[in-house]
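Summary of the model geometry
Letter by letter, the chains look like this.
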Amino acid sequence: MQHMTSKLFTSAESHSMDQVLEPRRSGSRHQGAAPLGKILVIAAVDVMVWRLLLLWVRELKTRGFEVHIACSPSTYFDRLRTAGFQMHAVPLRRSFNFFAHLRAVFELIRLIRSIGVTIVNTHSPIGAAVGRLAAFVSGVETIIYTVHGFYFHDRMPWPRRFAFIAIEWLLGRFTDGFMFVSEEDSQTARRLGIAGRNTKICTIYNGVDLDCYRPRVAEDPAMKELRPRHQMGERIVIGTVGRIVKEKGYREFLGMAVHLTREGVDATYVVVGDSLPSDRDHFGPAFRKLVAAAGLSERFVFTGITDRVADYLALMDIFVLASYREGFPRSILEAMAAGLPVVTTDIRGCREAVRNGRSGYIVQPADVDGLASAVMRLVKDSTGRLEMGRQGRALAVEKYDYRQVQKRFGAFIEGMR
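Let us look at the structure shown here.

Each value, and the rule that gives it
- Residues numbered from 1 in each chain as written.
- Predicted model: local features only at pLDDT ≥ 70, side-chain atom pairs only at ≥ 80, totals over all residues.
- Heavy atoms only, no water.
- Salt bridge = Lys/Arg side-chain N within 4 Å of Asp/Glu carboxyl O.
- Helix = DSSP H or I, 4+ residues; strand = E, 2+ residues; numbered from the N terminus.
- Buried < 20%, exposed > 50% of the residue type's maximum accessible area, 1.4 Å probe, protein only.
- Axes fitted to C-alpha atoms, helices over the stretch in contact; angles between N-to-C directions.
- Parallel < 35°, antiparallel > 145°, perpendicular 65-115°, else oblique.
- Left-handed = near helix turned anticlockwise from the far one by under 90°.
- Contact = heavy atoms within 4.5 Å.
- Nonpolar A, V, L, I, M, F, W, Y, C, P; charged D, E, K, R; others polar.
- Phe/Tyr/Trp six-rings, centres within 6.5 Å; stacked < 30°, edge-to-face > 60°.
- Lys NZ or Arg CZ within 6 Å of the ring centre and 35° of its normal.

To continue, consider the pattern of salt bridges. Enumeration over the complete set of coordinates arrives at 21 salt bridges. Among the salt bridges present, the one from Asp 266 reaches Arg 235, with a minimum N-O distance of 3.2 Å. Of this pair, Asp 266 sits in the loop between helix 10 (250-262) and strand 9 (267-272) while Arg 235 sits in the loop between helix 9 (221-229) and strand 8 (236-241), and the two are 31 residues apart along the sequence. The exposure class assigned to Asp 266 is partly exposed, which follows from its relative accessible area of 42%. Where Glu 247 meets Arg 325, a salt bridge forms, and the shortest distance between an N and an O atom there is 3.0 Å. With Glu 247 in the loop between strand 8 and helix 10 and Arg 325 in the loop between strand 11 (318-321) and helix 13 (330-337), the pair connects residues that are 78 residues apart, well separated along the chain. Given a relative accessible area of 15%, Glu 247 falls into the buried group. Among the residues examined, Arg 325 registers a relative accessible area of 12% and is labelled buried. One salt-bridge network, in which partners are shared between bridges, spans Glu 225, Arg 229, Arg 308 and Asp 311.

Turning to the packing of helix 5 (residues 102-115) against helix 6 (residues 125-138), a few remarks are in order. Interhelical geometry of helix 5 versus helix 6 gives an angle of 50° and a closest axis separation of 9 Å. The pairing of helix 5 with helix 6 is recorded here as oblique in orientation. When you trace helix 5 past helix 6, the crossing you get is right-handed. Of the residues in helix 6, those in contact with Ala 104, Val 105, Leu 108, Ile 109, Ile 112 and Arg 113 of helix 5 are Val 130, Gly 131, Leu 133, Ala 134, Ala 135, Val 137 and Ser 138. Looking at the contact of helix 5 with helix 6 residue by residue, the classes come out as ten nonpolar, two polar and one charged.

The subject of this paragraph is the environment of Ile 109. Relative to the elements of secondary structure, Ile 109 occurs in helix 5. Overall, the relative accessible area of 11% leaves Ile 109 in the buried class. Here the alpha-carbon distance between Ile 109 and Phe 136, two residues 27 residues apart in the chain, equals 9.1 Å.

Let us look at the packing of aromatic side chains. In this description, a pair of aromatic rings is defined by centroid distance and the angle of the planes. Counting across every chain of the model gives 19 aromatic pairs. Each member of the aromatic cluster is reached from another via a ring pair, and the members are Tyr 250, Phe 253, Tyr 269, Phe 283, Phe 287, Phe 300 and Phe 302. Over the face of the ring belonging to Trp 50 we find Arg 79, whose NZ or CZ atom lies 5.7 Å from the ring centre. Just above the ring of Phe 412 sits the side chain of Lys 200; from NZ or CZ to the centre is 4.6 Å.

With that out of the way, let us pick up the environment of Val 105. Along the chain, Val 105 turns up in helix 5. On the basis of relative accessibility, which here comes to 10%, the residue Val 105 falls in the buried class. With 24 residues separating them along the chain, Val 105 and Ala 129 place their C-alpha atoms 9.5 Å apart.

Right under this line is the structure:
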């Protein structure tokens, strides 16, 4: 394990991204160069790899790594294989039943040993827990955890919160490097001792494609196609993006819609995403029934899992993310890049991305009245909506260009060799 050697930076050194991005590393190896070794990227499900990690794993290939990906297969598994990655189906499940993960642990151990990987990079809480355990048992040289958000959060009952912190602390004992998409998570890991004193750490943030996600124009093709298809007319459009699970705040999103409708707001509510087979609560069908019971089925548009997120953001006037727990939500960055004002909750990641009162509003989690009030302010203030959208776009351009995040991700892993 490399954290037992002098190769790693101290936590104080981890603040210096200049060391990680130095030219001799970021530009030294490209196609045709000697391979840097075999790396196994582990995530819970292929949707995460396709939607969140695709540009990052492409960066690893560009640098000369032989990239293998292990995940639970669904919609995007074959697409990733076609994109040139060596794909391995592993039954990773979003469950807290330890025995449900034993098969995945054994399959990963077998896979790691058969491939002969030297680096394992894990993503998502379940993928990270199962993947790091399998990598440690297999004697993998370097184990890196990219933290997209710790599962524990401020609103969790303290016994449960303590249990999840303890698990992260134990897994941290055999983790050589941490990459965080949120600086607040990085500080939390240091404060709670999840990351050891001599463990290499950096914050890479999340990134967004500023060319793909951009403010809509008057003659936007998506507007011309999708508004008539969904019979939106001239209604204001309020939307959200994410898996349909309870912790994403969909019950509060519906409560907000009910409140606004009672206040006479003529709006269409767009839900981009759906439940996944690997989700714990499979809330999608139940949520649709709740929408129908509220008499709002004609006001809601459900896109399902789609590659047209940018097009649907172009339809929206206001973006809402009412989550209870996040890492550093890319959906907010995409909305900001699209020039939308954002209403979100006062949790890690969300409060780091949104400038309250400037690029959007921050409300308390599970506060339907607060959520509805903040959205109503934006409904009534079209000039304020546009100004907040402009400020959000400027912030995305300044801090969250995906190309810089790609470089940080690739350089950190290359530097761990």
